[in-house]
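# Architecture at a glance
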Amino acid sequence: MSEANGSAMLEVHGLRSGYHGVEVLKGIDLDVGAEVFAVLGANGAGKTTLLATLARLIPLMAGTIHFHGEDVTRLPAFETAARGIGYVPQEKGVFPELTVSENLTIGGMIGRRSREDRIAEVFELFPDLAALQGQLAGTLSGGESRMVACCRALMQDPQLLLLDEPTAGLSPLYVDMFFEKITEIHQTKGVSIILAEQNATKALEVADQVMVLSLGEAFAVMDAAQLTTDQLKEGYRI
Ligand SMILES: Nc1ncnc2c1ncn2[C@@H]1O[C@H](COP(=O)(O)OP(=O)(O)OP(=O)(O)O)[C@@H](O)[C@H]1O
Ligand SMILES: [Mg+2]
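Residues numbered from 1 in each chain as written. Chains lettered and ligands numbered in written order. Predicted model: local features only at pLDDT ≥ 70, side-chain atom pairs only at ≥ 80, totals over all residues. Heavy atoms only, no water.

## Notes on a nonpolar patch on the surface
The line we're drawing: Patch definition: residues with relative accessible area over 30% and no salt bridge; like charges joined within 9 Å; nonpolar side chains (Val, Leu, Ile, Met, Phe, Trp, Tyr) joined within 5 Å. Reported accessibility uses the Shrake-Rupley method at a 1.4 Å probe radius. Residues are deemed covered only where the shown protein chains occlude them. Take a side-chain nitrogen of Lys or Arg and a carboxyl oxygen of Asp or Glu: if they are within 4 Å of each other, that pair is a salt bridge. Per the convention used, a helix needs a DSSP run of H or I reaching at least four residues, while a strand needs a run of E reaching at least two, with both numbered from the N terminus. Burial status follows relative accessibility: with a 1.4 Å probe on protein chains alone, a residue under 20% of its type maximum counts as buried, one over 50% as exposed, and anything between as partly exposed.
Residues Phe95, Ile106 and Met109 make up a contiguous nonpolar surface patch of about 290 Å² in total accessible area. Along the chain, the position of Phe95 falls in the loop between strand 6 (85-88) and helix 3 (100-107). We classify Phe95 as partly exposed; its relative accessible area is 41%.

See the structure below:
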């Protein structure tokens, strides 16, 4: 759950961002501690824009981002990655021309721990990955590709992982497996997670807090267990 006021791992205040001068996020506040924080919302609500802004890939129009008390608002993405913010984008999370092993090695370029130890850990988490080591990432199935993208980010030894719809388009078995892994990553590795999701039911099963984004505004931020179906529907405008 969230730490006490003022000591959350990630503190975001008044965040505004968008594209080409057009504002998509209209003033977002959130505090994320040692928890799984779900960001729900309909297509176009601004989930990807929020995660990409937190990963410092989209400039802020206003607001601040603090990570462990440090102002990282103006830092470039490689600096926030080095400080422990990992990012798995909704698409293009792997380098297609490189093998699975090479993708993992690139992730492991950040951090001081032995790369071999970290590779062993991601293989332990996703045993199916071992058989794919020599395969070009561009030839992987959708599910395999999501797994490699997630492991590439984990190779950075993140303290906070931003996961953008990791199960979109995957078959039900893969979806269930991936949500189990999300819980495992959080509980056994102590990684905090911000999870953007369309799949509200599954996300609410693993989340501590939830934010429902609606047209770039935080319609609701609360304990996941307290979100009602009516609030969810209203947030999704259905
Ligand atoms: N590169 C871009 N240039 C201009 N507008 C963009 C760009 N990317 C997203 N948008 C717009 O920003 C708004 C929010 O999009 P965003 O991708 O953040 O939504 P989302 O909640 O992630 O949706 P989805 O569930 O479909 O992934 C949309 O209106 C979208 O058209
Ligand atoms: Mg998106």
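## Focus on the domain arrangement of the protein chain
For the record, the criterion: Domain limits in this description derive from either an automatic procedure or a database domain assignment. Whether two residues are in contact is decided by their heavy atoms, any of which lying within 4.5 Å being enough. Buried area, as used here, totals the accessible surface that two parts lose on assembly, with accessibility defined by a 1.4 Å probe and the loss added over both. In protein, a polar contact requires one atom able to donate a hydrogen and another able to accept it; more generally it is a pair of N or O atoms within 3.5 Å, and residues adjacent in sequence count only if both atoms are side-chain atoms. Classification convention: Asp, Glu, Lys, Arg as charged; Ala, Val, Leu, Ile, Met, Phe, Trp, Tyr, Cys, Pro as nonpolar; all other residues, Gly among them, as polar.
Its domain assignment divides the protein chain into domain 1 (1-84 + 161-238) and domain 2 (94-157). The distance between the C-alpha centroids of domain 1 and domain 2 comes to 23 Å. Across the contact, 15 residues belong to domain 1 and 13 residues belong to domain 2. In total, about 1,200 Å² of surface goes out of reach between domain 1 and domain 2, with carbon and sulfur atoms giving 72% of it. Here domain 1 is connected to domain 2 by 1 salt bridge. The partner of Glu121 in a salt bridge is Lys189, and the shortest N-O contact between them spans 3.7 Å. The interface formed by domain 1 and domain 2 contains 3 residue pairs in polar contact (both at pLDDT 80 or more). Of all the secondary structure elements, the ones that give two or more residues to the side of domain 1 that touches domain 2 are helix 2 (77-83), strand 7 (160-164) and helix 6 (172-189). Element by element, the count of residues in the side of domain 1 that touches domain 2 is highest for helix 6, at 7 residues. Considering only residue class, the side of domain 1 that touches domain 2 consists of 10 nonpolar, no polar and 5 charged.

## Some remarks on the coordination of the magnesium ion (ligand 2)
The following threshold applies: Counted as donors are N, O and S atoms no farther than 2.8 Å from the metal, or 3.2 Å for Na, K and Ca; water is not among the atoms, and sites may therefore look incomplete.
Bound to the magnesium ion (ligand 2) are the protein donor atoms Thr48 (OG1) and Gln90 (OE1), situated 2.0 to 2.1 Å from the metal. With a gap of 42 residues between them, Thr48 in helix 1 (residues 47-54) and Gln90 in the loop between strand 6 and helix 3 connect regions that are remote in the sequence. Its relative accessible area of 28% is what places Thr48 among the partly exposed residues. In this structure Gln90 comes out as partly exposed when scored by relative accessible area, which is 30%.

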